[in-house]
Amino acid sequence: MNIDNNRNSNNNNNKITNFQTINLLLILFGLPACGKTYFSNKLIELIINEDQDTLKELINNSNNNNNNNNNNNNNNNNNNNNNNNNNNNNNNKIINIYHIEYDKIFLNINGSLNNSSIENWKPTRVEVYNQIYNITNNSNQKIILLNQFKPKKSYHYNNNNNSNNNINDDDNNNDILNLFILDDNMYYKSMRYKFYQLTYNSSNNNNKEQEEDIRYCQIYFPNDLKKSKELNNKRLIKNNVDDEGIEKMNDLFEQPNLDKNNWEKENTLFFNFDFNFNDSDNNQIKLILKDIKNKFYNFKKLNTLQQQHYDNEELLQFDQKKENDKIITKNNIIHQFDLHCRKIIGELMKPTNNNNSNYQQQSPYSNHSKLLSQYKQQFLKVTLTQFIHENNEYIQDYSDIIPYKEQLLNNFKNNCLDKVIK
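The following refers to the structure shown. (Residues numbered from 1 in each chain as written. Predicted model: local features only at pLDDT ≥ 70, side-chain atom pairs only at ≥ 80, totals over all residues. Heavy atoms only, no water.)

Concerning the environment of Thr 385
Next up, step 1: One can find Thr 385 in helix α13 (residues 369-390).
Next up, step 2: Separated by 54 residues in sequence, Thr 385 and Asn 331 have C-alpha atoms that sit 9.5 Å apart. (Helix = DSSP H or I, 4+ residues; strand = E, 2+ residues; numbered from the N terminus.)

This is the structure we're talking about:
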């Protein structure tokens with residue numbers, strides 16, 4: 001296991017520490033109602049009631065690896081390091097399990113899920129990231145709206161005394177393992193990559209007294225649109241997302257690309273959740289817990305050049321996707337408005353019935369079809385395109401321009417009338 005040990009290097013300015021914090025970021029992502037929250041609760045229940053040793057092994061093995069690395073790096077201080085080994089192994093251990101449910105945080109911030117557009121979810125996503133950043137970096141650097149997240153479950157132990165519930169949570173001389181289970185859709189890859197980048201922090205901070213270690217693993221629940229909509233409609237109304245929102249999310253979803261993205265290839269698990277899950281049989285959860293432990297245990301930290309390469313790669317892909325999305329959005333809006341404009345011109349050129357007979361009176365605009373068609377092209381290529389460009393931060397797809405549609409089309413119709421009159 002490759003763990004950064006700069007803080008324990010043989011440098012008089014660096015304080016050798018006997019305690020550490022390990023932060024495990026477990027990202028669950030998939031469509032709404034695909035089993036993420038149920039899975040999270042069953043996983044926590046399994047760890048607490050049956051398999052506390054899994055997380056204990058991670059923190060104990062991390063201590064051993066840190067100390068072995070210290071020995072290799074500080075050959076002139078073997079006696080001191082041996083003492084540190086003993087101290088680390090005897091440290092009190094605190095294990096905290098956080099279950100971060102984005103739906104609940106959204107409800108706390110917004111009051112309901114009724115208006116759950118992409119824009120309205122941004123404060124929730126920022127809040128979760130800032131909270132995780134502060135906890136994993138032991139700081140208050142990021143502004144948060146809510147109280148600091150508290151663990152859903154915690155347990156304490158000491159290698160000399162397997163269970164020790166008298167350990168003081170505020171005592172900085174404890175080894176701490178924080179498991180963060182982030183339960184969200186995370187349909188954009190960038191939403192997941194942002195948390196992966198937090199693992200860099202533990203490689204770049206050399207001035208903190210406490211040894212910190214941040215590791216990443218993500219579990220993808222493969223999309224099943226039909227099943228997701230079916231189960232979502234069985235939820236309580238306050239937790240319900242409308243079908244249109246699920247369909248839109250499914251269209252936008254960026255599934256993990258293991259061939260293209262090395263960081264996902266090395267840190268992704270797939271979990272095909274059995275919706276007929278039998279509560280008496282936890283074999284599925286037990287198997288995935290072993291895989292989670294192995295991913296965390298073998299997590300590889302990146303050096304600076306690797307970090308830059310991954311970041312540049314992601315930035316390039318993001319920019320390309322953003323430009324492609326803009327083109328698709330623009331073309332879709334123009335196509336929809338083209339249909340509306342054709343309809344308006346058709347209505348203007350339509351003959352009208354004479355009140356006193358069955359004779360149809362020719363429309364005064366029927367001889368100006370070429371003029372109106374030319375203006376339609378001008379409206380689409382200039383007026384509408386400019387409007388999309390000026391409001392590109394707010395207009396992500398056709399539905400975002402609907403509030404302005406009536407005004408734009410009324411302007412188009414009035415200008416059609418003006419063209420003919422002139």
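Here we look at the pattern of salt bridges
Next up, step 1: According to the stated counting rule, one finds 12 salt bridges in the structure shown.
Next up, step 2: Between Lys 42 and Glu 45 there is a salt bridge, with the nearest N and O atoms lying 3.7 Å from each other. Of this pair, Lys 42 and Glu 45 both sit in helix α1 (residues 36-49), separated by three residues, roughly a single helical turn.
Next up, step 3: Residue class for Glu 45 comes out partly exposed when judged on its relative accessible area of 39%.
Next up, step 4: The residue Glu 247 makes a salt bridge to Lys 229 at a minimum N-O spacing of 2.7 Å. Remark: Lys 229 occurs in helix α8 (residues 225-232) and Glu 247 occurs in helix α9 (residues 243-252); sequence separation between them is 18 residues.
Next up, step 5: What you see here is one network of salt bridges that share partners, running through Asp 338, Arg 342 and Lys 376. (Salt bridge = Lys/Arg side-chain N within 4 Å of Asp/Glu carboxyl O. Buried < 20%, exposed > 50% of the residue type's maximum accessible area, 1.4 Å probe, protein only.)

Focus: the environment of Asn 108
Next up, step 1: Take Asn 108: it is sitting in helix α4 (residues 102-110).
Next up, step 2: Since its relative accessible area comes to 58%, Asn 108 is described here as exposed.

Brief notes about the packing of α1 against helix α11 (residues 283-297)
Next up, step 1: Where α1 meets α11, the axes come as close as 10 Å, and the angle between the chain directions of the two elements is 80 degrees. Comparing the axis directions of α1 and α11 gives the class roughly perpendicular. Together, Phe 39, Lys 42, Leu 43, Leu 46 and Ile 47 of α1 and Ile 285, Lys 286, Ile 288, Leu 289 and Ile 292 of α11 make up the contact between the two elements. (Axes fitted to C-alpha atoms, helices over the stretch in contact; angles between N-to-C directions. Parallel < 35°, antiparallel > 145°, perpendicular 65-115°, else oblique. Contact = heavy atoms within 4.5 Å.)

Quick word on the nonpolar core
Next up, step 1: Within the largest apolar cluster, 35 residues are counted, with the highest numbers of intra-cluster contacts made by Ile 100, Val 128, Ile 132, Leu 182 and Phe 195.
Next up, step 2: Of all the secondary structure elements, the ones that give two or more residues to this core are β1 (20-29), β2 (92-101), α4, α5 (118-136), β4 (174-183), α6 (189-196) and β5 (211-220).
Next up, step 3: By residue number, the principal contributor to this core is α5, which donates six residues.
Next up, step 4: Beyond its immediate stretch of four places on either side in the chain, Val 128 contacts Ile 100, Tyr 102, Ile 105, Phe 149, Leu 182 and Phe 195.
Next up, step 5: Residues Leu 58, Ile 181, Cys 217 and Ile 285 belong to the second largest nonpolar core, which totals 31 residues. (Core = buried A, V, L, I, M, F, W, Y, C linked by side-chain atoms within 4.5 Å.)

Observations concerning the packing of aromatic side chains
Ring pairs (aromatic) are described by centroid distance and by the angle formed between their planes.
Next up, step 1: Following the criterion strictly, the structure yields 22 aromatic pairs and no others.
Next up, step 2: Their ring planes at 15 degrees and their centres at 6.3 Å tell us that Phe 29 and Phe 253 sit as a pair that is stacked. Of the two residues, Phe 29 sits in strand β1 while Phe 253 sits in the loop between α9 and α10 (262-267), which places them 224 residues apart along the sequence.
Next up, step 3: Judged by relative accessible area, which is 10%, Phe 253 ranks as buried.
Next up, step 4: Taking the centre distance of 5.6 Å and the plane angle of 65 degrees together, the rings of Tyr 129 and Phe 195 count as edge-to-face. Placement of Tyr 129 in helix α5 and of Phe 195 in helix α6 is noted, with a sequence separation of 66 residues between them. For the pair Tyr 129 and Phe 195, one class covers both residues: buried.
Next up, step 5: Pairwise contacts between aromatic rings join Tyr 193, Tyr 196, Tyr 200, Tyr 216, Trp 263 and Phe 299 into one cluster.
Next up, step 6: Above the face of the Tyr 157 ring, Lys 56 is positioned so that its terminal group lies 4.6 Å from the ring centre. (Phe/Tyr/Trp six-rings, centres within 6.5 Å; stacked < 30°, edge-to-face > 60°. Lys NZ or Arg CZ within 6 Å of the ring centre and 35° of its normal.)

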